Amino acid sequence: MRRKVAAGNWKMNGLKEALAEIEALKAINCKSCDVILCPPATLVSAMVTAAGDSGIIVGGQDCHWNETGAHTGDVSAEMLSDAGAGAVILGHSERRADHGETDAEVNSKTQAAWRAGLQSIVCVGETEMQRDDGETLVIIGGQLDGSTPEGATAENTIVAYEPVWAIGTGRTPTLDEVGEVHDYLRGKLVARFGEEIGNEMRLLYGGSVKPENAAEIFAVSNVDGGLVGGASLKAVDFASIVKAAS
Ligand code: PEP
């Protein structure tokens, strides 16, 4: 039985005053799901303090593969951990597109996350053109293989399927299409990491998850929750999504 996950990605949004948003989430205290919130790096430490003993896991949105060094503007996994983070999103399509991140780099970052004791949320997803060309499974299969190191377990890794064309657009794949991809990813995880680990690893869907569609998406086979962008910024919306994961 896999615990569901409601993970929020605030992206480049949020000043200190936004931390008040998490009060409503603390009140939910989901016993049957994991709640992960990933604010900008500037808010990680303050959000950890605000979250207190609520059980909300605070995460980063990226990390460098090195522990320290001359990498202006970057944040290491150890720094996130030092700030109290317990997880980090890696290989988000916006980082792949905006910063040219490759599968090999995401793989190195994932190893860095594990080194620092962080749970990695490794993202894969096809563009609209790739879907239209019938390449969805080939693309996400390749991204999964390349971005996920040997040694992945259900404890250190969560995989998020995020079709690029569904992110922030209000469009989502049909439930059948979500199910097809998640079944495929499950099969790949089992083939690579074995029955036990492959069946225990959580697979999230991301891309325009909202309070209105969360429950039906989370009910699809092999969907173990969601990675949520826009709708995680407002506590009332994210709280509904957390409840759908409960
Ligand atoms: C995301 O960027 O991870 C995401 C899923 O965004 P949204 O929910 O806004 O589509």
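Coordinates for the structure precede this section.
Owing to the predicted nature of the structure, the values given are computational and were not obtained by experimental measurement. (Residues numbered from 1 in each chain as written. Predicted model: local features only at pLDDT ≥ 70, side-chain atom pairs only at ≥ 80, totals over all residues. Heavy atoms only, no water.)

**Concerning the environment of A104**
Part 1 of the argument: Mapping A104 onto the fold places it in helix α5 (residues 103-115).
Part 2 of the argument: For A104, a relative accessible area of 51% corresponds to the exposed category.
Part 3 of the argument: The sequence separation of A104 and G146 amounts to 42 residues, and the corresponding C-alpha distance is 6.1 Å. (Helix = DSSP H or I, 4+ residues; strand = E, 2+ residues; numbered from the N terminus. Buried < 20%, exposed > 50% of the residue type's maximum accessible area, 1.4 Å probe, protein only.)

**As for the packing of α5 against helix α7 (residues 136-147)**
Part 1 of the argument: In contact at an axis separation of 7 Å, α5 and α7 are set at 45° when each is read in the N-to-C sense. Comparing their axes, α7 and α5 come out oblique. Packed against α5, whose contacting residues are D103, A104, V106, N107 and T110, the element α7 presents G142, Q143, G146 and S147 at the interface. (Axes fitted to C-alpha atoms, helices over the stretch in contact; angles between N-to-C directions. Parallel < 35°, antiparallel > 145°, perpendicular 65-115°, else oblique. Contact = heavy atoms within 4.5 Å.)

**Brief notes about the pairing of strand β3 (residues 57-60)**
Part 1 of the argument: Where strand β2 (residues 33-38) and β3 come together, 2 bridges link them in parallel fashion. From the neighbouring strand, L37 faces β3, where its bridge partner is V58.
Part 2 of the argument: For the segment spanning β2, helix α2 (residues 44-51) and β3, crossover handedness is right-handed.
Part 3 of the argument: The sheet contact formed by β3 and strand β4 (residues 87-90) spans 2 bridges and is parallel. Within β4, the position partnered with G59 by the bridge is A87.
Part 4 of the argument: Between the parallel elements β3 and β4, the chain passes through helix α3 (residues 77-82) in a crossover that is right-handed. (Pairing = 2+ DSSP bridges. Right-handed = clockwise from strand over helix to strand, strands pointing away.)

Read these as geometric descriptors, not functional statements.
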